[in-house]
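Geometric and topological summary
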Amino acid sequence: MAEEEVKKVKKEAIPRQPMPEQAPEVRRRNFKEVPIGYTPETAMLEAQRCLQCKKPGCVDGCPVQVDIPGFINQIKEGNFSGAARLLWQKNSLPAVCGRVCPQEVQCEGVCIVGKKGQPVAIGNLERFAADYERINGKGELPPKAPPTGKKVAVVGSGPSGLTVAGDLIAKGHEVTVLEAFHKPGGVLVYGIPEFRLPKEIVFSEVAFMEKQGVKLECNSVVGRTVTLDELFAQGYNAVYVGVGAGLPTFMNIPGENLIGVLSANEYLTRANLMKAYLFPEYDTPIVKGKNVVVLGAGNVAMDSARTAMRLGADNVKIVYRRSKQEMPARKAEIHHAGEEGIEFFLLTAPTRFLGDEKGRITGMECLKMELGEPDQSGRRRPIPVKGSEFKMDCDLVIVAVGAGANPLLTQSTPELSLNKRGYIIADPETGKTTKKGVWAGGDIVTGSATVILAMGAGRKAADSIHNYLKWGW
Amino acid sequence: MKSRISGIIWREKDNCRINIIIYRAGGLKMFKIVKREEMAGGTVILNEIEAPLIAQKAKPGQFVIIKANETGERIPLTMADTDPKKGTITVIYMIVGKSTALFKTLKVGEGYQDVIGPLGKPTHVEKLGTVVCVGGGTGVAVLHPITRALKEAGNHVIGIIGARNKGLLILEEQMKAASNELHVCTDDGSYGHHGFVTEVLKKMLETKEVKLVVGIGPVPMMKFVSKMTKEFNVKTLVSLNPIMIDGTGMCGGCRVSVGGETKFACVDGPEFDGHQVDYDGLMQRLQAYCDEEKECYGTFCKLNQ
């Protein structure tokens, strides 16, 4: 007993290892990744902080149930490849999740160590193990079941699609992933910026799947180039639809079509997928604002604001109609944005955009808000303050207030039942849709959520597809 | 199968190296050019491209997005023709900036890295009676398959095509074959009717019972065609080509005001009711990146002199 107590005290004595990062004044002007990553020594030190709980809360806190104490123990022992392999059992994209998961509300949020002090840095350790294996590993492939002769088409190569592909290829099925863009990765490539998730990591994860036998077809717009029924006619036995949300939401206020008002989707796609931040070496241009306003306060808003800063803005403002508590972005992103000099105009909402004679934006009119009673989402509803109108100058506005359901695929597939917002109705436990042989998951079912939730949906659907291919619908 | 290739480009502005990671799923595929023609004194290029999946699906009025190489832009182009048997599509474009200048350098046997489509809604083709198809500049290329389809549907099709001068006129023979009668106009009078297409259109509207007008060309032309047909209360379709990235309704860059409502040209169009389109707003939005385009084109021209 006494010995155990001594051990515990020791563990608590090790502080949470900080993640080394590029200094804010340097990184705000470059596109290199912000966190630099743990060294093997810091990773092993941090791994010692884990209590190796018998009933670990963190595993339940993870949407894909990664064996968190298990992989941390491997790191502690110095077996980094073993840690990566353990991660892969449940998570086909650990290098991605270590970087973009909202750990504070998942695994780290329920970590026992965090009850008294700082939780174990699970995300940082996950990232470390995956990076170590990618750089130093022998590229050993995960075990694969004998071929079943069944063919599965996965529509969309974002996080949920890749999870399904990775799971089903391991179970011996033939998998083809169809991607509408010219590069695979979905939101990981067009949405999340380089400084948060280097594209090389995404491509090496995808290349790893190709090595395992997953086939990839880019430039394939399902609903246009090919329909779901045609896929079945081509011999596919099952189809997974993970096309993402992908319909930009605008504010529906006057002046929205002025030049310099962009959806975050457009702004980030230009910057990330088309690499407009390297213009003119890459041919796609982007509006380089000096006074930039970003509307919204989610992860996409933070990404847009920080991209604008890196593209040379003098000032970048996040304009949000609620208060700091309601901001939906990951804590680390809000913190990083603040460090990089991004200003927050909370309890503020635009009422109209103002432009010059050439149709370019010059500013916007805003109203101050105050918080009233909670609304359906449980967050306190913003109410305009009378007489609080004021004007804000800007030459670029990025609208990052969420996304809707893109109807391109669903329009061409009438058998898929949709809810009233246009999202596909799928069984939350299996991902089954109302059309036989078709599963769906990720943002096209739930609306805008996170990478890991989309992966969780992919995991469940992959299990269900596997059962279907073995036993039937 | 080689799916990853790395390259390095030197960035002069800040004297640094940029690593390019090229990732091509499924190895290096290419959409090969099987036929290439220069028109209008080399200012307009025709490319017939191998794209069997698209060729099987495409209908008149739909477009593709094409991208020449790794660092290239995604450019929307409405298809001028398709050959499902041969598995090819045809695009015709005018050289207006860096990307189209780069396209022009591609020879037969070379190809585009990416061709995506068919995108947008097809033209609604039905038998109405007398139909007038008005085309200006490279808009004639887009108009041609629609004209042909309208004629095949049993309409009496009157074609009106125009250009600044005779040398810039394209597809006259093809349009003649696709319509029941063809009228040609040039702004400088070097060929056909001396004047604008709208003048000939007015005559048609005054003398015939026209059921539908399809107008495709530069935005000002479509604006004035629509203005005129509105006076005669004749239904008019125009095909728009605003700035676009994905072409699948994801970015909203191609938004255009139609009847006071915001529409996405890529998924709601590219064809719209000509009487409802806000042409001035469309023209302004087309200028969004004109400075960057000039810079890019200037550098490209210097390098290729």
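Computed from a predicted structure; not experimentally measured. Counting restarts for each chain, with residues numbered from 1 along the sequence as it is written. Each chain takes a letter, starting from A, and each ligand takes a number, starting from 1, following the order in which they are written. The predicted origin of the model limits local features to residues at a pLDDT of at least 70 and limits the giving and counting of side-chain atom pairs to 80 or more, whereas totals for whole chains, interfaces and linings rest on all residues. Hydrogens and water molecules were not included; the side-chain quantities draw on all heavy atoms of the structure.

Turning to the nonpolar core, a few remarks are in order. Note on soluble globular proteins: their nonpolar side chains tend to be buried together. To qualify as a nonpolar core, a set must consist of buried Ala, Val, Leu, Ile, Met, Phe, Trp, Tyr and Cys residues joined through side-chain atoms within 4.5 Å. Only protein chains enter the accessibility calculation, which uses a 1.4 Å probe; a residue is then buried when its area is under 20% of its type maximum, exposed when over 50%, and partly exposed in between. In this structure, Ile68, Phe71, Ile72, Ile75 and Ile465 of chain A are the most contacted members of the largest nonpolar core, which totals 72 residues. A run of H or I in DSSP counts as a helix once it spans at least four residues, and a run of E counts as a strand once it spans at least two, with each numbered from the N terminus. For this core, the leading source of residues is helix H19 (residues 451–471) of chain A, giving eight residues. In this description, contact between two residues means that some pair of their heavy atoms is separated by no more than 4.5 Å. Once you skip the residues sitting within four places of it in the chain, Ile68 of chain A turns out to touch Cys58, Val59, Cys62, Cys107 and Ile122 of chain A. Residues Val221 of chain A together with Val197, Val238 and Val258 of chain B belong to the second largest nonpolar core, which totals 53 residues.

The next subject is the pairing of strand E7 (residues 291–295) of chain A. Residue and element names in this part refer to chain A. Burial runs high along E7: four of the five residues are buried. For two strands to count as paired, DSSP must find a minimum of two bridges between them. Alignment of E7 against strand E14 (residues 396–399), held across four bridges, turns out to be parallel. Directly across from Leu295, in E14, lies its bridge partner Val399.

Between rings of Phe, Tyr and Trp, where Trp is taken as its six-membered ring, a pair exists when centres lie within 6.5 Å; planes separated by under 30 degrees are stacked, by over 60 edge-to-face, and by other angles tilted. Counting across every chain of the model gives eleven aromatic pairs over all chains. Note on Tyr93 of chain B and Phe103 of chain B: the rings are 5.6 Å apart at their centroids and 80° apart in plane angle, and the pair reads as edge-to-face. Taken together, the residues span a long stretch of sequence, with Tyr93 of chain B in strand E8 (residues 88–94) and Phe103 of chain B in helix H2 (residues 98–104) at a distance of ten residues. Like Phe103 of chain B, Tyr93 of chain B is buried. An aromatic cluster is built from Phe31, Phe195 and Tyr277 of chain A, whose rings are joined through pairwise contacts. Think of it as a cone above the ring: NZ of Lys or CZ of Arg counts as a charge over the ring if it is within 6 Å of the ring centre and within 35 degrees of the ring normal. The residue whose ring lies beneath Lys151 of chain A is Tyr236 of chain A, and the NZ or CZ to ring-centre distance is 4.6 Å.

Assignment of secondary structure puts Lys183 of chain A in the loop between strand E2 (174–178) and helix H11 (187–190). Residue classification places Lys183 of chain A among the buried positions, given a relative accessible area of 7%. Distance and chemistry together define a polar contact, namely a pair of N or O atoms within 3.5 Å, with one atom able to donate a hydrogen and the other to accept it when in protein, and with adjacent residues in sequence counting only for side-chain atoms on both sides. Polar side-chain contacts of Lys183 of chain A include one of 2.5 Å to the side chain of Glu70 of chain B.

Below, the discussion takes up the sheet that holds strand E9 (residues 343–345) of chain A. All names here are of chain A. Ordered in space as E6-E14-E7-E8-E9, the five strands form an open sheet in which the pairing is parallel. Because the sheet does not close on itself, it has two edges, and the strands there are strand E6 (261–263) and E9. Ignoring which end each strand starts from, the neighbouring axes of this sheet average 25° apart. Sheet topology note: the strand E8 (residues 315–319)/E9 ladder contains three bridges and is parallel. In the sheet register, Lys317 faces E9, and the bridge partner there is Glu343. The sheet contacts of helix H14 (residues 264–273) involve E6 and E14, and relative to E6 the element is tilted by about 80°. In the packing of helix H15 (residues 299–310) onto the sheet, the strands contacted are E7, E8, E9 and E14, and the crossing angle to E8 comes to about 170°. Each axis is a line fitted through C-alpha atoms, taken for helices only over the stretch in contact, and angles between the N-to-C directions span 0 to 180 degrees.

A few words now on the sheet that holds strand E16 (residues 235–239) of chain B. Residue and element names in this part refer to chain B. Taking strand neighbours across the sheet as the criterion, the seven strands line up as E14-E13-E12-E11-E15-E16-E19 in an open arrangement whose pairing is mixed. Two strands lie at the open edges of the sheet, namely strand E14 (193–194) and strand E19 (271–273), each paired on one side alone. Pairing of strand E13 (residues 181–186) with E14 involves two bridges; the strand directions are parallel. Across the sheet, the residue bridging to Cys185 is His193, located in E14.

Turning next to the packing of helix H6 (residues 80–90) of chain A against helix H9 (residues 122–136) of chain A. Residues and elements named next belong to chain A. One way to put it is that H6 packs onto H9 with a least axis distance of 8 Å and a crossing angle of 110°. Here H9 runs roughly perpendicular to H6, going by the angle between their axes. Between H6 and H9, the residues in contact are Phe80, Ser81, Ala83, Ala84, Arg85, Leu87 and Trp88 and Glu126, Phe128, Ala129, Tyr132 and Glu133, respectively. What sets the label is the angle itself: under 35 degrees gives roughly parallel, over 145 gives roughly antiparallel, 65 to 115 gives roughly perpendicular, and the rest give oblique.

On to helix H3 (residues 139–152) of chain B, then. Residue and element names in this part refer to chain B. With 14 residues, H3 extends 20 Å from end C-alpha to end C-alpha; this agrees with the ideal 20 Å at 1.5 Å per step. Of all the 14 residues making up H3, eleven are buried; the element is thus mostly covered by neighbouring parts of the structure. Among the residues trailing H3, Gly154 stands out with phi positive, at a value near 100°. The span expected for a helix works out to 1.5 Å for each residue beyond the first.

Further remarks concern the interface of chain B and chain A. Residue-level contacts link 59 residues of chain B with 54 residues of chain A. As a working definition, buried area equals the accessible area (1.4 Å probe) given up by two parts on being put together, with both sides summed. Of the roughly 4800 Å² buried between chain B and chain A on both sides combined, carbon and sulfur atoms contribute 54%. In the sections that follow, a salt bridge refers to a side-chain nitrogen of Lys or Arg positioned within 4 Å of a carboxyl oxygen of Asp or Glu. In this structure, the connection of chain B to chain A is made through three salt bridges. Here Asp283 of chain A ties to Lys98 of chain B by a salt bridge, and the two come within 2.7 Å at their closest N and O atoms. Here chain B and chain A share 19 residue pairs in polar contact (both at pLDDT 80 or more) between them.

Now for helix H3 (residues 40–47) of chain A. A turn of α-helix holds 3.6 residues, and therefore any two residues three or four places apart point the same way. Residues and elements named next belong to chain A. Among all positions in H3, only Ala43, Glu46 and Ala47 are buried. For H3, the angular spread of buried residues about the axis comes to 100°, placing them on one side. Of the surrounding elements, those touching the buried residues of H3 are helix H5 (68–76) and H9. The arc under discussion is defined with respect to the helix axis, by the directions toward the C-beta atoms.

With that settled, consider unusual backbone geometry. A negative phi angle is the norm for most residues apart from glycine, just as the trans form is the norm for most peptide bonds. Residue Pro280 of chain A is reached from Phe279 of chain A by a cis peptide bond, and omega for that bond is 5°. Here the amide bond leading from Gly117 of chain B into Pro118 of chain B is cis, since omega sits at -5°, within 30 degrees of zero. Considering the arrangement of structural elements, one finds Pro118 of chain B in strand E10 (residues 114–119). Despite not being glycine, Ala40 of chain B shows a phi value in the positive range, around 45°. Positionally, Ala40 of chain B belongs in the loop between strand E3 (31–39) and strand E4 (44–50). In this model, Asn233 of chain B sits at a positive phi of 55°, which is unusual for a non-glycine residue. With respect to the element layout, Asn233 of chain B can be found in the loop between helix H6 (219–232) and E16.

What follows deals with the confidence of the model for chain B. On a range of 0 to 100, pLDDT expresses the predictor's confidence in each residue. With 90% of its residues at a pLDDT of 70 or more, chain B shows a mean pLDDT of 89. For the stretch residues 1–5 of chain B, pLDDT sits under 50, and the model shows 19 contacts to residues farther than four places along the chain or on other chains.

Right, let's get into the state of the cysteines. Residue and element names in this part refer to chain B. The term disulfide is used for any two cysteine sulfur atoms that are within 2.5 Å. On inspection of all chains with the given rule, the structure shows zero disulfides over all chains. In this structure Cys185 is a free cysteine whose sulfur lies 14 Å from that of Cys133, the closest cysteine sulfur available. When its relative accessible area of 1% is taken as the criterion, Cys185 is described as buried.

Here we come to the side chain of His182 of chain A. Here His182 of chain A shows up in the loop between E2 and H11. By relative accessible area, His182 of chain A is classed as buried at 2%. In terms of polar contacts, His182 of chain A uses its side chain to reach the side chain of Arg74 of chain B, at 2.8 Å.

The next point concerns the pairing of strand E15 (residues 210–216) of chain B. Along any regular strand the residues' side chains alternate between the sheet's two faces. Residue and element names in this part refer to chain B. Counting buried residues along E15, six of its seven residues qualify, which places the element largely inside the surrounding structure. Pairing of strand E11 (residues 130–136) with E15 involves six bridges; the strand directions are parallel. Note that in E15 the partner of Thr130 across the bridge is Val210. The sheet contact formed by E15 and E16 spans four bridges and is parallel. The partner of Val213 across the bridge, within E16, is Thr236. When the strands point away from the viewer and the path from the first strand over the helix to the second turns clockwise, the crossover is right-handed. With H6 bridging E15 and its parallel neighbour E16, the resulting β-α-β unit is right-handed.

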